[in-house]
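# Understanding the architecture of this molecule
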Amino acid sequence: MIGLMEDNSSWTALSVDHIRISAFNYGIVSDPNNEGKEFPLSLDIVVPDDILERIFTFLPIVSMIRSTAVCKRWYDIIYSSRFLWTHMLPQRPWYFMFTSNENAAGYAYDPILRKWYDLELPCIDKSSCFVSSSCGLVCFMDNDNRNAISVSNPITKDCRRILEPPGESFPDYSTIAIKVDRASHGYTITLAKSKQVPEDYVRWDFCLYKYDSWSSSWVTAMEEVFIGWRGGDDSVICDGVLYCLVHSTGVLGNVDPRHSIIMYDLVAGPCKESLMQSSIPVPCSLTCGRLVNLREKLVMVGGIAKHNRPDIIKGIGIWELNNNKQWQQVGRMPHKFFQGFGEFDDVFASSGTDDLVYIQSYGATALLAFDMNQKQWKWSAKCPVSKRFPLQLFTGFCFEPRLDITA
């Protein structure tokens, strides 16, 4: 699949610390009272803060990181100016790729400069974790200890371990989602747990918990028993509504499609009817699905199943849920890109934000991006890592690179 990439240019692996290069701009000024002698004067002195803020709004995030090393004044403006971050040019989301099965090592891809950076994640020790991101913050939940949840900014390394959630310590399935308020920078985390009722093959307990950063506390949002359905490991928050992908257990007969989407309004709270009664069927028979928030719209990236072979993938499609709760297909991966993904049911990771969707094969380091506006597929620059053994797996997530958000 690597051979199919459009861009075979050389790559540069740089650490984030390497980006922080000191750079001082000096001009030569002549003072008539100093007998025409020239002396160096920093241009930074004569540029007011509001002009600097406007200049910074035109910079890509990497240039802003470099600028924080120039002087304390620039550092303070970049990290504390609300005007800068609300008026800056749109920053495309970065993609972090785990490159080890044992630890959290990896590289972050910048789609503007088309470069990979060596990035060390704070708070986590291994790549086996559940991940959700929003507005510069990334939420991690340990796969082995699902009470261990942390929130961090991958760029600034700011990190916080949050209070352990209530409920079952060892659920069969879990999914986590985070949503940051762009005005206040407060955030909400949802954790859905699903566990089979003991000695019952039909019923599954489904519990939803909500965490608020302002109160630093969890509340139980709802509890319900599903019949013939179970929770999964994929969820996302869009415009105040939590969407979770649920799976048919098959014990009630052949259900097609095997997946559905349940909704929970985080503002209005629980409604009288069951979540399954108001669930949204997926657009076609899928092998797997990934839920993405793109500009507060729910987008699903799904593996399209072969006819009469629901465990075999024949393509990857992208759908958007419209205001009438109907799916509209916005893209399907061309065969020349798809042929390297394999045929098993769950073969890819996908995440996105703004208007960009990333799709990555678990079996390779190739990263494919789909632009929702231009309806264009494109390979990223080649990742500076290669497989060390045949069964090595790779995964990742996308996030907004920001310097003004703290955990």
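Residues numbered from 1 in each chain as written. Predicted model: local features only at pLDDT ≥ 70, side-chain atom pairs only at ≥ 80, totals over all residues. Heavy atoms only, no water.

Attention now goes to the overall build of the protein. Looking only at helices and strands, one finds seven helices and 27 strands in the protein. When contacts within the protein are restricted to residue pairs at least 6 apart in sequence, long-range pairs at least 24 apart make up 53% of them. In the form shown here, the protein has an accessible surface area of approximately 19200 Å², with 50% of it arising from carbon and sulfur atoms. (Helix = DSSP H or I, 4+ residues; strand = E, 2+ residues; numbered from the N terminus. Contact = heavy atoms within 4.5 Å. Areas by Shrake-Rupley, 256 points an atom, 1.4 Å probe, with all protein chains shown as cover.)

What follows concerns the sheet that holds strand β18 (residues 280-281). To summarise the sheet geometry, strands pair through backbone hydrogen bonds and adopt either a parallel or an antiparallel arrangement. Taking strand neighbours across the sheet as the criterion, the four strands line up as β15-β16-β17-β18 in an open arrangement whose pairing is antiparallel. Both outer strands of the open sheet, β15 (229-238) and β18, are each paired with one neighbouring strand and no more. As defined by bridge partners, strand β17 (residues 259-265) adjoins β18 across two bridges and the pair is classed as antiparallel. What sits directly across from I261, in β18, is I280. (Pairing = 2+ DSSP bridges.)

The full count for this structure, using the stated rule, is one disulfide. Sulfur-sulfur distance for the disulfide between C123 and C159 comes to 1.0 Å. Sign of the S-S torsion, about -60° for the bond between C123 and C159, identifies this disulfide as left-handed. Here C123, found in the loop between β6 (115-118) and β7 (129-134), pairs with C159, found in strand β10 (residues 159-161); they are 36 residues apart in sequence, far enough to count as distant. (Disulfide = S-S within 2.5 Å.)

It is worth spelling out the packing of aromatic side chains at this point. Counting across every chain of the model gives 15 aromatic pairs. Their ring planes at 50° and their centres at 6.0 Å tell us that Y173 and W204 sit as a pair that is tilted. Of this pair, Y173 sits in strand β11 (residues 173-180) while W204 is found in strand β13 (residues 203-212), placing the two residues 31 residues apart along the sequence. Among the residues examined, Y173 registers a relative accessible area of 28% and is labelled partly exposed. Residue classification places W204 among the buried positions, given a relative accessible area of 8%. Their ring planes at 45° and their centres at 4.5 Å tell us that F370 and W377 sit as a pair that is tilted. (Phe/Tyr/Trp six-rings, centres within 6.5 Å; stacked < 30°, edge-to-face > 60°. Buried < 20%, exposed > 50% of the residue type's maximum accessible area, 1.4 Å probe, protein only.)

Here K157, not a glycine, exhibits a phi torsion of approximately 70°, which is positive. Along the chain, the position of K157 falls in the loop between β9 (149-152) and β10. Exposure remark for K157: the relative accessible area of 36% places this residue in the partly exposed category. The backbone phi angle of D239 is positive, close to 50°, even though this residue is not glycine. Position of D239 relative to the elements: it lies in the loop between β15 and β16 (241-248). On the basis of relative accessible area, D239 is assigned to the exposed category, the value being 60%.

This part is about the pairing of strand β19 (residues 286-294). In terms of residue burial, β19 counts as a mostly covered element, since nine of its nine residues are buried. Note that β19 and strand β20 (residues 297-306) share eight bridges and pair antiparallel. Counted as the bridge partner of L286 is I304 from β20. Connecting β19 to the antiparallel partner β20 that follows it, the hairpin turn spans two residues, and R295 within it adopts a positive phi of roughly 55°.

Per-chain confidence: the protein averages 84 in pLDDT, with 85% of residues scoring 70 or above. Counted against residues more than four places away or in other chains, residues 1-11, with its pLDDT under 50, gives 25 contacts. Note on residues 18-32: pLDDT is under 50 here. Beyond four places in sequence and across chains, it has 37 contacts. (pLDDT = per-residue confidence, 0-100.)

Our focus in this paragraph is the sheet that holds strand β25 (residues 367-371). The antiparallel open sheet is built from four strands, whose spatial order is β23-β24-β25-β26. Each edge of the open sheet is held by one strand with a lone partner, namely β23 (348-353) and β26 (376-379). For this sheet the average axis-to-axis angle between neighbouring strands, irrespective of direction, equals 20°. (Axes fitted to C-alpha atoms, helices over the stretch in contact; angles between N-to-C directions.)

To continue, consider the pattern of salt bridges. Counting across every chain of the model gives nine salt bridges. For K72, the salt bridge identified is with D76, shortest N-O distance 2.8 Å. Residue K72 and its partner D76 are located together in helix α5 (residues 72-80), separated by four residues, close to a single helical turn. Residue D76 is classed as partly exposed on the basis of its relative accessible area of 31%. For D404, the salt bridge is made with R402, and the minimal N-O distance between the two is 2.9 Å. Exposure remark for D404: the relative accessible area of 11% places this residue in the buried category. Owing to a relative accessible area of 11%, R402 belongs among the buried residues under this scheme. (Salt bridge = Lys/Arg side-chain N within 4 Å of Asp/Glu carboxyl O.)

Moving on, we come to the environment of D181. Inspection of the secondary structure puts D181 in the loop between β11 and β12 (187-196). Along the chain, D181 and C135 lie 46 residues apart, while their C-alpha atoms are 8.1 Å from each other. At 2.8 Å, the side chain of D181 forms a polar contact with the backbone nitrogen of A183. (Polar contact = N/O pair within 3.5 Å; in protein donor to acceptor, adjacent residues only side chain to side chain.)

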